[in-house]
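Okay, here's what each chain looks like letter by letter:
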Amino acid sequence: DLLKTIKSIELQMGRISTERWSPRIIDIDILYWDELNYESEALSVPHKMLLERPFALLPLLEIRPELRCRLALPLWAQDWSDAKPLNARVSREYFWPRFM
C-alpha cells in the first residue's frame, strides 16, 4: 500500500516512465524501515543500493545515527561519523548533493 501511494504521489508531481537511471522530476524511495527485511519484484527494504548511495545513506544516518551500529557501513561512510550531509561536499569519488 505504501509503494502504491508513493507511485501515485510521483505521478501527481509529473513523473513519467523513462529509461532506467535517467533523470526524473521526482523519485521517492523507501530506504529503510526499522528492522524490516522485505523482498519482492517491486520493492526491497532496505533499499538494495542504500549502502552504495552517499546521497541517500548520509542523510539517513544524520537523522537515524543509531543505524551506524545496525548497518554494515562501507568504509567511506564510517569516516563520516560527524558528517552533516546536507552541507554538501565534493570529492573525487562521490557527489554530495547541495539540496536533498
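Treat the numbers as computed from the prediction; the structure is a model and nothing was measured.

1. Points about the pattern of salt bridges
Thinking step 1. Summed over all chains, the structure comprises 8 salt bridges.
Thinking step 2. Put simply, Lys7 and Glu10 hold a salt bridge, and the shortest N to O gap is 3.7 Å. In this pair, Lys7 and Glu10 both sit in helix α1 (residues 2–12), 3 residues apart, roughly one turn of the helix.
Thinking step 3. Lys7 gets classed as partly exposed once you look at its relative accessible area, which sits at 41%.
Thinking step 4. For Arg15, the salt bridge is made with Asp27, and the minimal N-O distance between the two is 2.9 Å. Taken together, the positions of Arg15 in the loop between α1 and β1 (38–39) and Asp27 in the loop between α1 and β1 put the pair 12 residues apart, joining distant regions of the chain.
Thinking step 5. We classify Arg15 as buried; its relative accessible area is 19%.
Thinking step 6. One continuous salt-bridge network, built from bridges that share partners, spans Lys7, Glu10, Arg15, Arg24 and Asp27.

2. Here we look at the nonpolar core
Thinking step 1. Membership of the largest hydrophobic core is limited to 12 residues, which are Tyr32, Leu50, Ala56, Leu57, Leu58, Leu60, Leu61, Leu67, Leu71, Leu73, Trp76 and Ala77.
Thinking step 2. Elements with a minimum of two residues in this core: α2 (54–63) and α4 (75–78).
Thinking step 3. Ranked by the residues each element gives to this core, the list is headed by α2, at 5 residues.

3. As for unusual backbone geometry
Trans peptide bonds make up the majority, and among non-glycine residues the majority have a negative phi.
Thinking step 1. Cis geometry marks the peptide bond from Val45 to Pro46; its omega dihedral reads -5°.
Thinking step 2. Residue position: Pro46 is located in the loop between β2 (44–45) and α2.
Thinking step 3. Even without glycine at this site, Asp34 takes up a positive phi of about 45°.
Thinking step 4. Inspection of the secondary structure assignment puts Asp34 in the loop between α1 and β1.

Reading guide: rules and limits
Residues numbered from 1 in each chain as written. Predicted model: local features only at pLDDT ≥ 70, side-chain atom pairs only at ≥ 80, totals over all residues. Heavy atoms only, no water. Salt bridge = Lys/Arg side-chain N within 4 Å of Asp/Glu carboxyl O. Helix = DSSP H or I, 4+ residues; strand = E, 2+ residues; numbered from the N terminus. Buried < 20%, exposed > 50% of the residue type's maximum accessible area, 1.4 Å probe, protein only. Core = buried A, V, L, I, M, F, W, Y, C linked by side-chain atoms within 4.5 Å.

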